[in-house]
Every structure is written in structure tokens, then in C-alpha cells.
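If you want the building blocks of each chain, they are given just below.
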Amino acid sequence: MKKNNKRSFIIGLITLITGILIGWLLFGSSSNSEDASHSHETEITNQVWTCSMHPQIRKTEAGNCPICGMELIPLSTDDNSDENPNAIKMSPTAMQLANVQTAVVQSGEAVKVLNLTGKLTPDERTVFSQTSHISGRIEGMAINYTGEAVRKGQVIASIYSPELVTAQEELLIAFQNKETQPELLIASKEKLRNWKLTEGQINQLIESGKPMNEFPILSDLNGVVITKFTNRGDHIKQGEAFYEVADLSNLWVLLDVHESDLAWIKEGNEVQYQVKAYPNRSFTGKIDFIDPIIDSKTRVAKARIALNNSDNDFKPQMLVSATLESRLKSDETAIIVPKSAVMWTGERSVVYVKKSANNGLHFTMREVDLGTSLGDTYIINSGLEEGEEIAVNGTFSIDAAAQLAGKPSMMNPKGGTMNMGHNHGGMKKGATENMDEMEKTMEPNRKTIKIDKEAKKALNTIFESYFELKDALTEDDLEQSKREIGNLSKALSAVDMNLFKDKAHKSWMKHSNDLKRSLDQSKEADYLDQLRESFIPISKTIIQLHDVFQPLNDTVYVQHCPMANNNKGADWLSKDKEIKNPYFGSSMLNCGEEKTN
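In this text, all values refer to a predicted model and were calculated from it rather than measured experimentally.

1. Overview of the nonpolar core
Part 1 of the argument: One finds Ile462, Phe500, Trp508, Ile542, Phe549, Leu573 and Tyr583 to be the most contacted residues of the largest nonpolar core, which totals 50 residues.
Part 2 of the argument: Going through the elements one at a time, α8 (453-474), α9 (478-493), α10 (502-522), α11 (528-549), β26 (557-561) and β27 (570-574) are the ones with two or more residues in this core.
Part 3 of the argument: Ranked by residue count, the leading element in this core is α11, at 10 residues.
Part 4 of the argument: Ignoring any residue separated from it by four or fewer positions in sequence, one finds Ile462 in contact with Leu488, Ala491, Leu492, Val495, Trp508, Leu515 and Ile542.
Part 5 of the argument: Ala110, Leu120, Val320 and Leu324 belong to the second-largest nonpolar core, a separate cluster that totals 29 residues.

2. Some words on the confidence of the model for the protein
Part 1 of the argument: On average, residues of the protein score 81 in pLDDT, and 81% of them reach the 70 mark or higher.
Part 2 of the argument: Considering only residues more than four positions removed or in separate chains, one finds that residues 26-45, a stretch of pLDDT under 50, has two contacts.
Part 3 of the argument: Of the regions scoring below 50 in pLDDT, residues 418-445 engages in 71 contacts with residues more than four places distant in sequence or in other chains.

3. Topic: the pairing of strand β6 (residues 111-122)
Part 1 of the argument: Pairing analysis gives nine bridges linking β6 to strand β19 (residues 319-327), with the strands arranged antiparallel. Each residue of the ladder has a partner; that of Gly118, found in β19, is Val320.
Part 2 of the argument: Examined bridge by bridge, β6 and strand β15 (residues 250-258) share six bridges and lie antiparallel to one another. Looking across to β15, one finds that Thr121 is bridged to Trp252.

4. Looking at the packing of aromatic side chains
Part 1 of the argument: For the structure on display, the rule yields 10 aromatic pairs.
Part 2 of the argument: Aromatic side chains Phe242 and Tyr243 sit 6.2 Å apart centroid to centroid with 35° between the ring planes, which places their arrangement in the tilted category.
Part 3 of the argument: Residues Phe283 and Phe314 carry aromatic rings whose centres are separated by 5.4 Å and whose planes lie at 75° to one another, so their mutual orientation is edge-to-face. Taken together, the residues Phe283 in strand β17 (residues 283-290) and Phe314 in the loop between β18 (300-308) and β19 connect sequence positions 31 residues apart.
Part 4 of the argument: With relative accessibility at 13%, the residue Phe283 sits in the buried group.
Part 5 of the argument: Within the aromatic cluster, the residues linked to one another by ring pairs are Tyr466, Phe467, Phe535, Trp572 and Tyr583.
Part 6 of the argument: Its guanidinium or amino end placed over the ring of Tyr278, Arg281 lies 5.1 Å from that ring's centre, counting from NZ or CZ.
Part 7 of the argument: Between the NZ or CZ atom of Arg304 and the centre of the ring of Trp252, over which it lies, the distance is 4.3 Å.

So, how was this worked out
Residues numbered from 1 in each chain as written. Predicted model: local features only at pLDDT ≥ 70, side-chain atom pairs only at ≥ 80, totals over all residues. Heavy atoms only, no water. Core = buried A, V, L, I, M, F, W, Y, C linked by side-chain atoms within 4.5 Å. Buried < 20%, exposed > 50% of the residue type's maximum accessible area, 1.4 Å probe, protein only. Helix = DSSP H or I, 4+ residues; strand = E, 2+ residues; numbered from the N terminus. Contact = heavy atoms within 4.5 Å. pLDDT = per-residue confidence, 0-100. Pairing = 2+ DSSP bridges. Phe/Tyr/Trp six-rings, centres within 6.5 Å; stacked < 30°, edge-to-face > 60°. Lys NZ or Arg CZ within 6 Å of the ring centre and 35° of its normal.

Dropping the structure here:
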């Protein structure tokens, strides 16, 4: 009996355990599967999609942008918190795609590298006028063109002068009466000497015994004729010039020094310079004079270097480019950063500081106070400390990510929704901090894109304003250039972006934003050289717009100046085939070449 009870108990226990196990397998597994499925569905549901050109668009599923038709990209769902809520997270892959490079901030000796341009001119101390010492009519010219060499004592012209004929007759009469009136002969000779006749000419006249109607005029100077004022048959008065003559064995190198650079240049500074005619040769000289007066149109002063030209290798008006290194006081150091690290809006200057955190690399925008420009670098007065790491390349890519993320950026310092110029709907908070997807949209499409007549008409207004700006810079007109900057900005703002569809819309938005940024910077310019520096990116964008949309019916020319942009070269667009350089104006008006048309 006891055995049966024990056996029944064991069977019941086994049955109970088996039932529990089966129940767990059936219901527990299903519950876990439901939880996993629910989690996956929630993850999919929470995915948000946006447009890289219109970040105010938010969709819960993939598709195309309702504004421009571009394919939507996913927003990051990474909820890891940054150490700084305004920081932009960037993976190493994203940094590589965006070509972001960083450098550690260092202090050192501030060396200002001045890149100057100028030309050769005659030494003003050796430029003289060959004048006529008597009045009369020019019967012949022995020196007939500029550039001709002339020697002292050489016959340069022959002249008929009634006064001179009378004086010769007086001399001959006085010579005949020299025994009785010797003082009269002395007075007659002295009169001719005052007209610069030589003793040889006077003696020859006495020997011939008759006056000369066409009297030869002798040169008082040695040199080269640089300006010719008279021609055969002209009537010339006493004291008027036949020619302007220069001794070209010594020349001046005259360099243009912008007003903003004058504090960095002193008499005695050593300068390395090249003459365009001899590109493989370099010359060294010292500044011996700085013009105390600034040109009111070009806002430049002249710095002078003496050049020995005894071998006649150099010619006046040859173009020169020069480099001068100027240093702060020897005991001073400064924080120095590359120009590529600084983003400048005209009112604010910002850099992106790199920080490392547990969840990756971050960049935070920081405003800095800019000091003097040192060529390719800036002195930082405040805002950075030695040892900090900053982005020195790819800063615009980082800033674009900040704009998409609604965080503080160069054009939107307070962060939040960025006004893209046209808001078609409410822009919700939050956007991607991951640059990987965004970088796919960064490369511009330079292929020609067809647009309709209305879009071309709108672009024509922009191009006409641009050509007016180019002409004003060519004429060295600062005030007119400023007005044309304003006109170009108005023309850009007046373009309806809805005229551009699909790919054209994407391209227009990129180029119009680039052009607006360059125009905003140019509005802060006070001097012509600053406006001309801003004209470089303006022209670059205008040329890109022309390449992409081909809006003009007339032929235009892309022209290039190799000496602009600190000898890196710069382009501009022109309606005229003739070169008229907007980067140097009247100082080197015809410097340049045609690249394409």
C-alpha cells in the first residue's frame, strides 16, 4: 500500500514539472517574441526621415521630399547625451568624408607675410626735360620716336628763329668792328651763349661770315627719350620741351602697400621680389622710401626699392611681385591659427573646438576676437587657449551639420530652427548629429542643368548686377562698388526659388547660399582691397552658376589674373573679350588672360 502511494506521488510530481516546462515553452517564448517584435516595431516607428536641403521636412517613412523631390535621409536616433548640449558629434568616418582636419593651438612669434605687387619705373631723379632755349619753328627732327637713345651734344632738331637770325647778324657786325668796339663783340657772344650756343657754333658762324636760317639744336642730356612732345612744323616757345629724357641705368621698384598693411612696413625692411619677365630669378632689395600720401582712389601708398640697371635687363612698367616678412617685437608671442580655421560673418568670428568624450568626438562652436591678419594666419586676441584643438579644414561641413541639428552655428548663433529662406512648414526640434549621410549631399553637381525661360530671366538680373560690380572695381570706384554690392544682393533676394525644379532646385539653393554668404561679408568692407578680396568667391559662384544653368544668350569670357589672391590667381566673368582687371584696377588694368569662353 505504501509502495503504491509513493509511486503515485512520484508520478504526480513528474507530471507537474512537465506541465510547467511545456507551459513556459508555449507561453513564455511567445511573450518574449511579442516583446521583441513590439520593440522592433517601436524602433521602426520612431525612425524619422528628413531632406538635406529642407530640414524642416519630417516624415515617419522613407520617400521623396515634397518640396524638391530629393530622396529623404534618416535622422540619427542616437540618444547619447553630449557633454555639451550644443556640441556636434562626428565619427571618424564622417570626419574623413567631410575632409575635416584639426590642429593644436600654439603660440609663437607673429610674422606678418605681406604679398605686394607693383611695377618698375624710371628713377625720378634722373628724368629731365630737353627744352628749347629759343622760340621758333621746328624745321627738322633728328630724334623721331620714344625709346630712342640720345647723347649730350647730339643734334636733336633744327629750328628757324627770326630772333636768332637777327642775333647772328649782330654778331657778324660786331666782329667787323671789334677793333673799335670790342665790348659790342663780347655782348653779342654772351647773348648767343645764353641761348645755349656753344663756342664751336659761335666760331663756326664767324668763320662762315653769314647767318644760318635753320639752326641746329644740341642735346643737353644723356639718356632715353620716354616722352615726345613736338613734331616737325610745330612752333615752339622758349622754355617748352622737345622731349622728356631718362637715364635708365637706375630704376625704382614701386610696390603698392594697402592702408591696412602700412603699420607692418618700415624703411630698411628687406624684400624678396620677382620680375614677371624673369620668373626663375629672385631679387633682394631694401625699402628706402615710403610714400607719405595715400592715393584717394586705390587707398594704397608706394614703397620704393632702388634697382641698379646698368646691364639694361629691366624695362620701365615691368610687373613685380614681392614678399616681405615683418615681425612683432622680439619679446612678444601670440596665439596664431590658420585662416581656414576661422569662419567670419562680418560681425562675428568663430572656430570649432574639438573635444573627446566617452561617446565619441565632438565639436563646439566658439566665438573669438580676431587680431591682425598674418597672410595665411590670424592672431587671436581672445577666445582660445594654447593646447586646445580646433578644426582647421572642413569647418563649413561642421557648421552645416550644426544648422541641420538646430544648434548654434555661424549664421544662427542662438541655434534652433534655421530660416532657410523659405519655410514651407513647422520645423520640429532635433536633427541629425551624424555627418555620414549629410556628406553625400555636399558635392556640387557641375553638369549643365536645363531651366525654363522664366528662371533664366531671373538669373539675368543677377548677372547684370555682377557685371556692374566688376566694372566699378575696374574703375577703382569704392562708393559705386558698395552700391553695386547692394544691388546684387537685392537681385539675389528677388529670385523666386520655385522657378527651379528637382536637380535645379538643389543646385540653386547651394549656389545662392554661397553667393549670399560672400555678399554679406563684402558689405563690411571699408576699402577697395577688401572688396576685391570678397569679389574672388563672388566671381567663383557666378562662374559656377553660368556653367550649371547657361542663362545668358550672349558670349561671356572667363578671365584670369595670375597675380590676384596673393599670387594664387583668381577668375572673373566678363562680357567683353578685352582684359580689364577688377582685382587691380588702373594700377594693372590689362593684366590677365582669357581662360575659356
